[in-house]
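One-letter residues, chain by chain:
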Amino acid sequence: MSDKPNKLITDDGLRLDGRRADEIRPMKIEIGVLSRADGSCYLEWGRNKILVGVFGPREAHPRRLQRADAAVIRYRYNMASFSVEDRARPGPSRRSIEISKVSREAFEPVIMAELYPKTAIDIFVEILQADAGTRTAAINASSIALADAGIPMKGLVTSCAFGKVDGQIVLDLNKEEDNYGEADFPVALTQDGEITLLQMDGHLTPEEIKKGFELVKKGCKEILEIQQTVLRKKFETPVEEPEAEPEAKTVDTESEAAETEPSLEYAPEAAAVEETIEEAEELEEEPSEETTKAGAVTETVPEAEELEEIVKEAEVEVVDGEAIEEAIEAESEEEAIEAETEEEAIEAETEEEAIEAETEEEAEEAETEEEAEEAETEEEAIEAETEEEAIEAEDESKGPWKVVKDPSESGSRGENDE
Ligand code: UDP
């Protein structure tokens, strides 16, 4: 335990923690912190840390405790063994039983217990860290937890203590002021200003109590504002559904866009692949010149008509041409069959063309050996070349291929690899 300080209030009128006489410690409240409780609250007030859970209204057990006309209110104040400087003995004590009783009575005037006969409303208080004023802090937290549980109440209960320190009346005592002060006076008030808790430890004059009550009213008013603010924040938060729907749509749109992004990214590649496939198909299906002409004829009727006229004229020319008839007569039946196509017929129009179209056997029979040599085609000439010429030609054709297969080249690759 720390030693007693020489002064609890400085010459400037400030307390050891920097507060003035009428100021409360900073308070922090969280609501609905326990998922299994019907209502809950976590409260920090100075160095006090308190957790409250409310259960009910629920069927009271044992049944002998049930009331036919109202709910039974049970309040259990428990101080954790680690909550104080010196280890607190676990379990109920005279102090904790007393605090539980007076705190329960602080709520009985406001809780509408008559609405829930044969039931119980349980308030469990756990002091996690104590620094004086734990009962008042627990009442403030329990009030919020009861509201969080939806327990009908006539109003909130607020609690604060005043005391006497260094001969001065101060509000909301801290641990040093509680231990070394002259008096401690905890009070609980309803919203209507009715007193539901009043205790006194020490000695106070009526004037000091009156002055202290004025401080408590001020403090409880500030605490009530904090409680109401916390409850409004949870239960009066406006639901902006009209704005939420567009946001949801926006999110959906973004998600849809995100889903389509990958396909958009791959789209160019897919398009390139499709183009390549189409080009390959076109190459495979690329028609010959005749087919192309036929296709053009099919597509453009005027051109087809013109071509038909040209063909007819050519046929007429072929039929009427004496030279052609002579050529045809000169040709053998096989030649005529080979020259059945229009192009062959046109090529055979002149005698020279007919001669060129003659077979090799006919050329050999009709022409001399020199004429036959002149009439030979390039392929025939190549075939007629001597073996040496053929070998030379083969060397020329195979030469580059052999270079590619030159082992020295593969050897250079190996050197590069090294
Ligand atoms: N205290 C303690 N051990 C105990 C009981 C109380 O150290 O067994 C401390 C604790 O910090 C408590 C303070 O004494 O807050 C004042 O206790 P009191 O009985 O006056 O109740 P409170 O002011 O906490 O409502």
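Being a predicted model, the structure only gives us computed values, none of them experimental. (Residues numbered from 1 in each chain as written. Predicted model: local features only at pLDDT ≥ 70, side-chain atom pairs only at ≥ 80, totals over all residues. Heavy atoms only, no water.)

Considering the pairing of strand β3 (residues 48-59)
- Sheet topology note: the strand β2 (residues 39-45)/β3 ladder contains 7 bridges and is antiparallel. Note that in β3 the partner of Trp45 across the bridge is Asn48.
- Between β2 and the antiparallel strand that follows it, β3, lie 2 residues; Gly46 among them carries a positive phi value of about 65 degrees.
- Pairing between β3 and strand β5 (residues 119-129): 9 bridges, direction antiparallel. Note that in β5 the partner of Phe55 across the bridge is Asp122. (Pairing = 2+ DSSP bridges. Helix = DSSP H or I, 4+ residues; strand = E, 2+ residues; numbered from the N terminus.)

Considering the nonpolar core
- Ranked by size, the top nonpolar core spans 61 residues in total, and within it Val54, Ile111, Val125 and Leu146 carry the most contacts.
- Residues within four places of Val54 in sequence aside, it is in contact with Ala37, Asp38, Gly39, Ile121, Asp122, Ile123, Ala145, Leu146, Ala149 and Ile151. (Core = buried A, V, L, I, M, F, W, Y, C linked by side-chain atoms within 4.5 Å. Buried < 20%, exposed > 50% of the residue type's maximum accessible area, 1.4 Å probe, protein only. Contact = heavy atoms within 4.5 Å.)

Examining the site of the ligand
- Neighbouring the ligand are Val84, Arg95, Ala130, Asp131, Ala132, Gly133, Thr134, Arg135, Lys175, Asp178 and Asp184.
- The contact in question runs from an oxygen atom of the ligand to an N or O atom on the side chain of Arg135, over 2.9 Å.
- In isolation the ligand has 490 Å² of accessible area, and contact with the protein removes 74% of it.
- Mapped by element, the contributors of at least two residues to the shell around the ligand are α2 (134-148) and α3 (175-180).
- Residues belonging to the shell around the ligand are distributed by class as follows: 3 nonpolar, 2 polar and 6 charged. (Near = heavy atom within 4 Å. Polar contact = N/O pair within 3.5 Å; in protein donor to acceptor, adjacent residues only side chain to side chain. Areas by Shrake-Rupley, 256 points an atom, 1.4 Å probe, with all protein chains shown as cover. Nonpolar A, V, L, I, M, F, W, Y, C, P; charged D, E, K, R; others polar.)

Some details on the confidence of the model for the protein chain
- The pLDDT averaged across the protein chain works out to 76; a share of 57% of its residues lies at or above 70.
- Here residues 286-301 is a poorly scored stretch, pLDDT under 50, and it has 5 contacts once near neighbours within four places are set aside; other chains count. (pLDDT = per-residue confidence, 0-100.)

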